[in-house]
Every structure is written in structure tokens, then in C-alpha cells.
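Secondary and tertiary structure notes
Read off the chains here:
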Amino acid sequence: MLIISIAVTSSFFVYFKNNKRTEEISYTLFLQHLKSGIVKDVYLEDSPKLKIILNNDNEFLTDNPRTQEFKEELLMYDVNVIEKSQTASDVVMPLTILVSLAFMIFYFRKNMSKQAEREMESMSNIESINYDSRIGFKDVAGNEEAKASLEELVDFIKNPEIYKKFGVRLPRGVLLYGPPGTGKTLLAKAIAGEANVPYFPVNGSDFVQVYAGLGASRIRDLFKKAKEAEKSVIFIDEIDCIGKKRKGGNISGSEEGDRTLNALLAEMSGFKDNEGIIVVAATNRIDVLDEALLRPGRFDRQVEVELPDINARYKILKLHGENKPLDKDIDLKKLAAETVYFSGAKLENLMNEAAMYAIKSNSEAITNEHMDKAYYKVLVGDEKLDRSYIDNKDKEITAFHEAGHALIAKLVDKTNRVTKVSIIPSTKGVGGFSLNIPADKIYKTKKDLYSNIMIALGGRAAEEIVFGKENITTGASSDLEKATEIALSLVGSLGMDDEFGLLNLNVLMSRDIKEDNNLIIRTKEILEDLYKETIELLNGSRDKLEKISQELLIKETINEDDINRILEVNELTA
Ligand code: ADP
Ligand code: ZN
């Protein structure tokens, strides 16, 4: 580029220098000069004007007589005749400029289209991958719930005709969400493998392009290829790259992203029903996704892929240990217990590193020593180091806290179902979580609302009675938010509180009448009364609380059956 611009400027320079205005003299004056012998050179050419140079080096132009004898005449006057068909100054210079300009434009455009071409090309590289050594659900350990929910899809891809016959509308997109390394990619591969169809893996960042419209055209390209393959699985990893929540006012730059996202949505809506193509997307963060992606007909099936609990970790370790010689001293159950908060990818990495150490030390098999070394290697440089080394005290607090929620849920209403309690963090809760499904009914009674408040307070209450008032933790913050919310609406908008009466706060507020002081007092009273009641309830079932927590500490995740078993056994012995 530098060379070209230098060439252009210098040719401009030369051009203008050669074209400095030369004075014109009449032909008769020229003849006089000629006769007086002061003409040195004449540039003879086929142009209307001729350049002449006098002895004093002055330059003039004069008319070209264009006669045959002109040259002879000049020569007879002893003039130096310089013949050129075209002078450099008149033709060559502007030509140079033109050529370099043309070259410049050409170069630019070529470069641009080259870049675009390259990007296009990398897109055309979206090749389907057929798995010969097929990956199936057998290669995914743990994640039982996710697998169960995906199995149905496999059947749909295999036999879309049956679903069509029954007029079933099938999901087009499945969103797998959960922490990194939990096997989302693996699950997508497994779906394709189980259905025995081509698999098109892409990454959301592939569609974030510098050139306008390219992202969108890549999307169309991808779907075209998938359709050509007929039945297939498209896998879009890190979908958040293209599907981030759109902000109200469009900031420049996000427009291109919108175009890409719109192209994706259009392609997904454009599927003919029951084509046998499934789009699987993965993200670590479902909360940042644009809602448009989650609507029916798009990624309307959302499957959480969680960090493995102790049992799942054992299964994963076993799976990745299958093809490796393990020393008989290695206890995978124990290893599973020591790898709290490890993802599947990290466990796989652990096994792999251990094998490397074994090879390095010329060992016959992987021993505990190799495993220990690998354990520290996998942990080093891990930002969540302290998480993996989690304080046993923290685990205990989480266990009692979650057990408190679960136990209260069952104590306040027998028809409540507690389907899962875990001390492994997930998107449902930071420390752990307790999933309760309230009995199915249209209306909630005042008692139901009181119960829900107590369930929310159960975590904090358990912490207090087990570890003492001084040792309550920050773990209850979202619980308190929930409890306050319910209590506030109970008093302020549902007319369920005797003392506050039937007033609706929203109406009062809209009329700018403030009654909030009373409201706060009543809400606080309700929360405090219910908290006391929750504590009494837990104290009365302290043994059950301990049992649930102990089981949680051992298994990390317990299910409905476990809960019911613990509670029933206690009832029998009581
Ligand atoms: P994600 O897509 O959720 O980030 P991956 O599917 O890429 O995670 O997992 C990376 C690797 O970790 C997998 O190839 C596999 O070897 C291992 N892995 C992760 N989860 C599991 C699992 N549940 N069972 C077996 N291996 C797993
Ligand atoms: Zn809680």
C-alpha cells in the first residue's frame, strides 16, 4: 500500500511538473527565431502544438505546421530535432496514475472479497461428521434426567412419519444448559449417534462476523446443508454468542447480531414439520439468552445438565477408567467422594493425567500415587480451587440448610412433594437446592401461603437451631426475599390479613396514599411469627433433620424416595 501511494503521488508530481504552463508563441515569431538562429531544440511530434527550446533554454509552444518538409527545414537551420510519437509528460504520466489507481482499487476489492471468501470458505467447512465408532448415551455417565428427556428426540429423528401420522408437533430445538464440561457437547453427539444421522457441529462465535450479513448467510448455509442431509442433528455450541438478550434501543454493532439471530429464528420456524432435523444448542448461561429463542417452535425444550453428584462422579470415573489399567488399590468410590464440584470434563482430565504419570514412571498400571499427582495438577490453575477443596463445614451448613427446606415442605403439608435435594450448586441455587412441587390446585389458600413462607424460612431456621444464632449465614438471602415477597402480597394486595384488612396497597399507592408503615410492621410480624413456628417445627423433628442432612452429606443429591424413606422410617419408630 505504501509503495502504491508513493508511486501515485510521485507520478502526480512528475505530471504537473512536466505540464507547467509553457508560453505559446505564433508560428511567424517561431520562424523569425528560427531564422535568427536562436532555436536549439524542436520536439517533433504529431500533436497540434510543438515544443521548442531556445538557446537561452526558454521553452515555448507553437503551432505544428504538419508539413512534410518541416523537418528538413529545421535541420537546415541547424536545429536539434527530437522526434517522439507521444511525449511522456502528456500520456505516460496520466496513464501511470490511472493504472496505479486502478490497481489500488483492484487490490482493495480483491483483498476484501478474499477475506469474505475466506470466511465463507471456513463456513463451507461445516461438514457433517458421521460417527463410525458411534457415540451414544452409553458414553454419557450420570445426567440421567437429561438422557431420559433426550431419548424421546432420538425416536423422533428416526421415525418422524409416526409422529406425523399422529399429528404431533415436535420440538425443533433443544437447549442444553449448565456449567462447562458437564457433557452438553457429548449429549448432542450422542443424540446424533443414537439416531444414526449426520451431525453438524458449529460454534456461536462462528457467526459473529466482521462483514455485514455474513453471519446470517452462514446460518442459511448451515441449514441448507442440514436439509440436504435430510435427517440430521445441528449442534450450536455457545449459542449465547448470537442469542444474547436484545437491549431496547439498538446500539450500533448489535444490529448485525440481530440479523444473525433473526436468520436463525427464521430458519427454525421455516422447518417443515416432522422433517427429522433437530437443532441442539448449548450454553453455560440460560439467563442471558434472548427470550425469542425460548419460544414455542424454537428452543422450547430446555434440559439442564448439572454438575455430577458423588454417584454420577463414580460412574464417570468408571467409564473413563474402563480403557485404562488401574491398580487394585485404586478406589473409585473414594475418589468420587474427594472430587466434589468436579465436572465430567475435569474427571476425564484427572483420569487422563493419572495415566500420563503412570506411563512416565514406567508403571504397569495407574496407582494411587499417580492419581494424587494428577489430582493436584487438575486443581492447580483452577480458579475455583477453594470450591473443590470446599470446607467440610460449608458442606455441612448447606446440607442442614437444604434439609431444613425439604423437611418443612413435608411437615407443613403432606401432599407437598420434594423431588430432589442437593448440596451441589446449580442454576437453581448457589449453595444447593431443594425442589418442592406443591400440590396441584388453582387457588392458593392463606394457609398455603403461610406454608410457602415457612418452607422458604426453613433453611435459615435449620442453620440457627443446629449451629446457633451467631452462626447463621448469608445463604438465606434469596429465601428471605421470597418470604418477604409472599408476606407482603398476603397483607398488601390479597386482603388476607385480619389486622391490615381488605385494603389493597396497589390502589392506595396509585392514589398516592401511603399506608406503608403499618404494612411493613404487619409484614414483619407475620414473618417473625412464622419463623418462630418454623423453628419449633424443626426442633420437634430434629432427628429427621439430622437424618436428611447426613444422607445429603454422603450422597450429595437425594431424591423423593430417599426423603420419603427417611420420614417414614422415623414415623414407624416414633
Ligand atoms: P460441555 O459441552 O458441557 O462443556 P463436553 O461435552 O465438551 O462438555 O465435555 C468434555 C468432555 O468431558 C467429554 O468429551 C467427556 O470426555 C467428558 N465428560 C463430560 N461429562 C461427561 C459425562 N457425563 N460422562 C462422561 N464423560 C463426560
Ligand atoms: Zn435456602
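Anything mentioned here points back to the structure above.
None of these values were measured; they are calculated from a predicted model.

**A closer look at the overall build of the chain**
On a plain count of helices and strands, the chain comes out with 23 helices and 13 strands. When burial is assessed residue by residue, the chain has 44% of its 574 residues classed as buried. Here the contacts in the chain between residues at least 6 apart in sequence split such that 73% fall between residues at least 24 apart. In the structure as shown, the chain presents an accessible area of about 31,600 Å², 53% of it carried by carbon and sulfur atoms.

**Points about the pattern of salt bridges**
A full pass over the atoms with the stated rule returns 28 salt bridges. The closest approach of N and O atoms between Lys 49 and Glu 24, which form a salt bridge, is 2.4 Å. Here Lys 49, found in strand E3 (residues 49–54), pairs with Glu 24, found in strand E1 (residues 23–24); they are 25 residues apart in sequence, far enough to count as distant. Measuring nitrogen to oxygen at the nearest pair gives 2.8 Å for the salt bridge that ties Glu 560 to Arg 417. Linking Glu 560 in helix H23 (residues 560–573) with Arg 417 in strand E11 (residues 417–422), this pair joins segments that are 143 residues apart in sequence. On the basis of relative accessible area, Glu 560 is assigned to the buried category, the value being 18%. What emerges from the salt-bridge pattern is a single network uniting Asp 497, Glu 499, Arg 522 and Glu 525.

**Points about the coordination of the zinc ion (ligand 2)**
The coordination sphere of the zinc ion (ligand 2) contains the protein donors His 401 (NE2), His 405 (NE2) and Asp 479 (OD), at a distance range of 2.0 to 2.1 Å. Between consecutive donors of the zinc ion (ligand 2), the numbers of intervening residues give the motif H-x3-H-x73-D. Linking His 401 in helix H17 (residues 392–412) with Asp 479 in helix H19 (residues 477–492), this pair joins segments that are 78 residues apart in sequence. For the pair His 401 and Asp 479, one class covers both residues: buried.

**Some details on the environment of Ala 337**
The residue Ala 337 is located in helix H13 (residues 332–338) in this model. Note: C-alpha distance between Ala 337 and Glu 556 (219 residues apart in sequence) is 9.5 Å. In this view, Ala 337 contacts Ile 310 and Arg 313; residues no more than four positions away in its chain are not counted.

**Details of the site of ligand 1**
Taken together, 17 residues are adjacent to ligand 1, and Ala 141, Gly 181, Lys 184, Thr 185 and His 320 come closest. Note that an oxygen atom of ligand 1 is positioned 2.8 Å from one of the backbone N or O atoms of Gly 181. Ala 345 has a polar backbone atom sitting 3.4 Å from an oxygen atom of ligand 1. For ligand 1, the accessible surface in isolation is 550 Å², of which the surrounding protein chains cover 80%. Those elements that place two or more of their residues in the shell around ligand 1 are helix H7 (184–195), helix H12 (310–321) and helix H14 (344–360). A class-by-class count of the residues in the shell around ligand 1 yields seven nonpolar, seven polar and three charged. A domain-level breakdown of the shell around ligand 1 finds at least three residues from each of domain 2 (137–304) and domain 3 (310–380).

**Notes on the sheet that holds strand E2 (residues 39–44)**
What the five strands build is an open sheet, ordered E1-E4-E3-E2-E5; its pairing is mixed. Of all the strands in the sheet, the pair left with one neighbour each is E1 and strand E5 (80–83). Where E2 and E3 come together, four bridges link them in antiparallel fashion. Its bridge partner being in E3, Asp 41 is matched across the sheet by Ile 53. In this fold helix H2 (residues 27–35) packs onto E2, E3 and strand E4 (59–63), with an angle of close to 130° to the strand it touches most, E2.

**As for the packing of aromatic side chains**
Here the structure, examined in full by the defined rule, presents eight aromatic pairs. Ring geometry for Phe 400 versus Phe 467: centroids 5.7 Å apart, planes at 85°, classification edge-to-face. Taken together, the residues Phe 400 in helix H17 and Phe 467 in helix H18 (residues 446–467) connect sequence positions 67 residues apart. In terms of burial, Phe 400 and Phe 467 fall into one category: buried.

**Thoughts on H17**
Between the first and last C-alpha of H17 there are 30 Å, a value that for 21 residues agrees with the 30 Å anticipated at 1.5 Å per step. The element H17 is extensively covered by neighbouring structure, given that 16 of its 21 residues are classed as buried.

**Brief notes about the sheet that holds E11**
With respect to topology, three strands assemble into an open sheet ordered E12-E11-E13, the strand pairing being antiparallel. Looking at which strands have only one partner, the edges of the open sheet turn out to be strand E12 (433–437) and strand E13 (557–559). In this sheet, adjacent strand axes meet at a mean angle of 10° when their direction is disregarded. As paired strands, E11 and E13 are joined by three bridges and run antiparallel to one another. Paired with Val 421 across the two strands is Ile 558, which belongs to E13. Where helix H22 (residues 542–555) meets the sheet, its contacts fall on E11 and E13, and the angle it forms with E13 comes to roughly 120°.

Calculation rules
- Residues numbered from 1 in each chain as written.
- Chains lettered and ligands numbered in written order.
- Predicted model: local features only at pLDDT ≥ 70, side-chain atom pairs only at ≥ 80, totals over all residues.
- Heavy atoms only, no water.
- Helix = DSSP H or I, 4+ residues; strand = E, 2+ residues; numbered from the N terminus.
- Buried < 20%, exposed > 50% of the residue type's maximum accessible area, 1.4 Å probe, protein only.
- Contact = heavy atoms within 4.5 Å.
- Areas by Shrake-Rupley, 256 points an atom, 1.4 Å probe, with all protein chains shown as cover.
- Salt bridge = Lys/Arg side-chain N within 4 Å of Asp/Glu carboxyl O.
- Donors = N, O, S within 2.8 Å, 3.2 Å for Na, K, Ca; no water.
- Near = heavy atom within 4 Å.
- Polar contact = N/O pair within 3.5 Å; in protein donor to acceptor, adjacent residues only side chain to side chain.
- Nonpolar A, V, L, I, M, F, W, Y, C, P; charged D, E, K, R; others polar.
- Domains from an automatic or database assignment.
- Pairing = 2+ DSSP bridges.
- Axes fitted to C-alpha atoms, helices over the stretch in contact; angles between N-to-C directions.
- Phe/Tyr/Trp six-rings, centres within 6.5 Å; stacked < 30°, edge-to-face > 60°.
- Expected span 1.5 Å × (residues − 1).

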